[in-house]
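Take a look at the letters that make up each chain.
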Amino acid sequence: MNSVPGRRTRILAATTATAGLLFVAGCTSTDDGGSGKQTAAGGVTLAKAGRLTTCTHLPYPPFQSEVDGKVQGFDVSLIDLVAKDLGVKQKIVDTPFENFKTGAFLNSGECDLAAAGMTITEERKKNVDFSDPYFDATQAVLATKKSGIGSFADLKGKKVGAQAQTTGEEYAQSKGLNPTSFESSDAVLNGLRTGQVQAVVIDYPVVQGWLKDKANADAFQVADNVNTGEQYGFTVKKGNTKLLAAINKALGEARSDGTYKKLYEQWIGPYDASAASPSAS
């Protein structure tokens, strides 16, 4: 997604069902010369004392979005598990998506990790370290029912939209399309609603969330679902092995004890067993 000049970074408390279980106990402050850093459980050094700071880009339901003043979603709930293990609370910083590709906010110490429904790619690995994959994703083509679009191939010559800086946009471009770029998933949907575009290419879970709304289901249909082999991962600053290990540990435990399945059904929909143990990216 493109950055917006003058945009004010917002820091939001991520409060979910698990947030109330998080405690500050178990953390020990380091002699950091007043920088506010501290060492949490497992020797993980945190950017800000008493919290695990997560960079994201809002909104991107069902992975993260602001509902009733609280940031909630699948990603948020999974990272809450990491924060609980570290003995701190999660805090979320809303930033432009392009920062996740470069690792800028991780390198500057603004955030400890990034969680933004982000696909693991070799290009991104040059700038950040990814966790184990936690979600298998496909690209969906959502079209207006009156468009006559019934497959990805039908997009040729049509007005197509995509979310800027995403793999959906890159995939459409790789197939010879010139999609209109929208800054957020909300803007993508609005472009479809207002007729700026006749179809959009975007991650299928996002489309699933949109179609839960009857008005959207009446107006739009999934014309195609393309398996691009994408998997999502959380990212940390390159070389931050201790935090990466803590994230992978929490993910592994969530899969084994049923928590992952519960959160998947809460935020995504009917559980797909293959998503619990995604293949190596």
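The coordinates are above.
Residues numbered from 1 in each chain as written. Predicted model: local features only at pLDDT ≥ 70, side-chain atom pairs only at ≥ 80, totals over all residues. Heavy atoms only, no water.

Chemist: Is there a simple way to explain the pairing of strand E5 (residues 51–56) in this structure?
Modeler: Consecutive side chains of a regular strand alternate in pointing toward one face of the sheet and then the other. A large share of E5 lies buried, amounting to six of its six residues. By the alternation rule, side chains of E5 split into Arg51, Thr53 and Cys55 and Leu52, Thr54 and Thr56, which are all buried. Here E5 pairs with strand E9 (residues 113–114) via two bridges, running parallel. Pairing of cysteine 55 across the sheet is with alanine 114, part of E9. (Buried < 20%, exposed > 50% of the residue type's maximum accessible area, 1.4 Å probe, protein only. Helix = DSSP H or I, 4+ residues; strand = E, 2+ residues; numbered from the N terminus. Pairing = 2+ DSSP bridges.)

Chemist: Would you mind going over the sheet that holds strand E13 (residues 180–182) with me for this structure?
Modeler: Spatial ordering of the open sheet is given by E13-E12-E14-E11-E15, a layout of five strands whose pairing is mixed. Only two strands of the sheet have a single neighbouring strand rather than two, namely E13 and strand E15 (220–232). Between one strand and the next, the sheet's axes are offset by a mean angle of 25 degrees, whatever the strand orientation. Relative to strand E14 (residues 199–203), strand E11 (residues 135–144) runs antiparallel, the two sharing five bridges. Across the sheet, the residue bridging to valine 141 is valine 201, located in E14. (Axes fitted to C-alpha atoms, helices over the stretch in contact; angles between N-to-C directions.)

Chemist: Please explain the pattern of salt bridges as it appears in this structure.
Modeler: Close approach of charged atoms lets side chains of opposite charge pair. Counted under the stated rule, the structure contains seven salt bridges. Close ionic contact of aspartate 129 with lysine 238 constitutes a salt bridge, the shortest N to O distance being 3.0 Å. A residue pair is termed long-range when its members are at least 10 positions apart, and aspartate 129 in strand E10 (residues 128–130) and lysine 238 in the loop between strand E16 (235–237) and helix H9 (241–257) qualify at 109 residues. Overall, the relative accessible area of 19% leaves aspartate 129 in the buried class. Lysine 249 is the partner of glutamate 253 in a salt bridge, and the nearest nitrogen-oxygen pair spans 2.9 Å. Remark: lysine 249 and glutamate 253 occur in helix H9; sequence separation between them is four residues, near one turn of the helix. (Salt bridge = Lys/Arg side-chain N within 4 Å of Asp/Glu carboxyl O.)

Nothing here speaks to function; it is geometry throughout.
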